[in-house]
Amino acid sequence: MSLLAFGERLCAGAKARTLRGRLLEDAVYWQLLHCEDVGEIVDRLGTTPEYREVLEKVPREIHRSELEELLDLMLLRESGVFLGYLSGPRKAFLRAWVGLAEADGIKRALRRLAAGRGEKDALRHRLEALPYCSFSVEGLLAADRPEAVREVLRPTPYFHALREPLRRFTEEGGGSLYGVEMALDGVALKRLYKSAQELPPGEREGVLSLAGSLVDLTNVFWLYRGRFYFAQPPEEMLNRLLPVRHRVRIDLLRRLAGAGSGKDFWGELSDSPYRPAMDQALSEELFVDRGMEAFLFRQATRLFAGGSPGFPMVVAYLFLRHYEVADLKTLVEDVRYGYTDRDAAVFLVRPILPGRGSVWR
């Protein structure tokens, strides 16, 4: 390993360790759950070291969606900070991580066109905050129909991936963008997984395991939704899955696609490495996505704690911060709708309830 590579690993890992120490503690979560409204959440969150700079000039009357946007932009800025430390395959992985947000921006543009309304300025701010972007932001914003969006994406892998789902969307006269959005996520997640495979030995294993779990659990969740929410035929569901997989093999995915009931579906996973992510879903289907996210949260926590400062620590931190922001968005919703603190806590990715960690191992 060159001195330059060693130096960038050390600097990025040290930065991740510093930022990890500023993630919210359980006690702050409980304080936020006791807030009466969004304004009180802003006030309380603004006293914490990490969120003070983001929220210090924000009025108490801020709308929920505006607060969520500020938190998302903070995530993008942090990714940009790490990009400045890295080169080679590490930088390629971070760009692929940013690609998840890039795909989300494309989805938002398509939703705005499909609905015939939506804030273009808010979308511009989000796209311009991307520390790396593979297409023209102004071109995407100027697109006036879905096919025009696809044309803007011609230099990217999204162009070919969107051909068939956009054709179906157009032929069906609009409706759900579900297939289109799956195609976008598929491009981004495949790139993330492939870039993890290109990392140097010694860094590859931990990062690939985390990225691979995200890939596998995404495929499982898509099959669950397709089977029990959209009643899709098994072959159609299998054709829409990610073109990469980690520890879940195609024979298991085929059995999941043909499951006759939710009980059968979870039963097929009983011997898989991801059974711990499903335990809560066995009794409460509402928690399917939360169980999977909590599994990834715990895996990222272990990866962060498992070694000296280095690139895997950076990746683990980015996952942890992502889920913290996801929890803050959920928490705002819980307070807005008047859930009790304990009822609201079960919707969080981070297990702050006593005993919950034993369920989502």
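Here's a quick rundown of the structure. (Residues numbered from 1 in each chain as written. Predicted model: local features only at pLDDT ≥ 70, side-chain atom pairs only at ≥ 80, totals over all residues. Heavy atoms only, no water.)

1. A few points about the overall build of the protein
Each helix and strand counted, the protein has 21 helices and zero strands in total. Its C-alpha atoms give the protein a radius of gyration of 21 Å, within 12% of the compact-globule value 21 Å for 361 residues. Counting only C-alpha atoms, the protein reaches 55 × 50 × 45 Å along its principal axes. Taking all 361 residues of the protein together, the buried fraction comes to 51%. By sequence separation, contacts in the protein at least 24 residues apart represent 65% of the contacts at least 6 residues apart. Surface accessibility of the protein: about 16,800 Å² in total, with carbon and sulfur atoms responsible for 50%. The averaged location of the 51 negative side-chain charges in the protein is 5 Å from the averaged location of its 52 positive side-chain charges. (Helix = DSSP H or I, 4+ residues; strand = E, 2+ residues; numbered from the N terminus. Rg over C-alpha atoms; globule rule 2.2 N^0.38 Å. Buried < 20%, exposed > 50% of the residue type's maximum accessible area, 1.4 Å probe, protein only. Contact = heavy atoms within 4.5 Å. Areas by Shrake-Rupley, 256 points an atom, 1.4 Å probe, with all protein chains shown as cover. Lys, Arg positive; Asp, Glu negative; His and termini not counted. Charge placed at Lys NZ, Arg CZ, Asp CG, Glu CD.)

2. Considerations on the environment of arginine 336
Take arginine 336: it is sitting in helix H19 (residues 311-336). In sequence terms arginine 336 and phenylalanine 265 are 71 residues apart; their C-alpha atoms lie 34 Å from each other.

3. Re the packing of helix H6 (residues 88-115) against helix H7 (residues 120-128)
Packing of H6 against H7 leaves a shortest axis separation of 10 Å and a crossing angle of 165 degrees. By the criterion of interaxial angle, the relationship of H6 to H7 is roughly antiparallel. At the point where H6 passes H7, the crossing takes the left-handed sense. Contacts between H6 and H7 involve Asp104, Gly105, Arg108, Ala109 and Arg112 from the first element and Lys120, Leu123, Arg126 and Leu127 from the second. Of the residues contributing to the contact of H6 with H7, the split by class is three nonpolar, one polar and five charged. (Axes fitted to C-alpha atoms, helices over the stretch in contact; angles between N-to-C directions. Parallel < 35°, antiparallel > 145°, perpendicular 65-115°, else oblique. Left-handed = near helix turned anticlockwise from the far one by under 90°. Nonpolar A, V, L, I, M, F, W, Y, C, P; charged D, E, K, R; others polar.)

4. Details of the environment of alanine 142
Following the sequence through the fold, alanine 142 ends up in helix H8 (residues 137-142). Each C-alpha atom, one on alanine 142 and one on glutamate 324, is 33 Å from the other, the two residues being 182 residues apart in sequence.

5. Observations regarding the packing of aromatic side chains
On inspection of all chains with the given rule, the structure shows twelve aromatic pairs. Considering the side-chain rings of tyrosine 224 and phenylalanine 228, the 5.2 Å spacing of their centres and the 50 degrees angle between planes classify their relative orientation as tilted. In this pair, tyrosine 224 and phenylalanine 228 both sit in helix H13 (residues 204-228), four residues apart, roughly one turn of the helix. The class of tyrosine 224 is buried, set by a relative accessible area of 1%. (Phe/Tyr/Trp six-rings, centres within 6.5 Å; stacked < 30°, edge-to-face > 60°.)

6. What to know about the layout of surface pockets
By volume, the largest pocket amounts to about 1,600 Å³. For the largest pocket, the lining is made up of 36 residues, of which Asp104, Lys107, Asp185, Glu293 and His322 are closest to its centre. It is H6 that provides the largest number of residues to the lining of the largest pocket, a total of eight residues. Looking at the lining of the largest pocket residue by residue, the classes come out as 20 nonpolar, three polar and 13 charged. (1 Å grid on protein atoms, 1.4 Å probe; cavity = no way out; pocket = protein on both sides within 12 Å on 5 of 7 lines; lining within 4 Å. Points joined across faces, edges and corners; volume = space filled by probe spheres on them.)

7. Notes on a nonpolar patch on the surface
Taken together, Phe228, Tyr229 and Phe230 make up a surface patch of nonpolar side chains, about 300 Å² in accessible area. If you trace the backbone, phenylalanine 230 turns up in the loop between H13 and helix H14 (234-239). (Patch = residues over 30% accessible without salt bridge, like charges linked within 9 Å, V, L, I, M, F, W, Y side chains within 5 Å. Salt bridge = Lys/Arg side-chain N within 4 Å of Asp/Glu carboxyl O.)

8. Notes on the packing of helix H18 (residues 288-305) against H19
Axis separation between H18 and H19 bottoms out at 8 Å; the angle between their running directions is 145 degrees. Considering only the axes of H18 and H19, their crossing is left-handed. Residues Arg290, Glu293, Leu296, Phe297, Ala300, Thr301, Leu303 and Phe304 of H18 form the contact with H19, whose participating residues are Pro312, Met313, Ala316, Tyr317, Phe319, Leu320, Tyr323 and Thr330. Class assignment for the residues of the contact of H18 with H19 results in twelve nonpolar, two polar and two charged.

9. Things to note about the nonpolar core
Within the largest apolar cluster, 94 residues are counted, with the highest numbers of intra-cluster contacts made by Phe93, Leu223, Phe265 and Phe311. Those residues in contact with leucine 223, other than ones at most four positions away along the chain, are Met237, Leu238, Leu241, Leu253, Leu256, Ala257 and Phe265. Core analysis: the second largest hydrophobic core is formed by 29 residues, Val38, Ile62, Leu328 and Leu331 among them. (Core = buried A, V, L, I, M, F, W, Y, C linked by side-chain atoms within 4.5 Å.)

10. Remarks on H19
Counted at 1.5 Å a residue, the expected span for H19 with its 26 residues is 38 Å, and the 38 Å between its end C-alpha atoms agrees. Of all 26 residues that make up H19, 21 are buried, and the element is covered over most of its length. Once H19 finishes, glycine 338 follows within two positions and takes phi at roughly 75 degrees, a positive value. (Expected span 1.5 Å × (residues − 1).)

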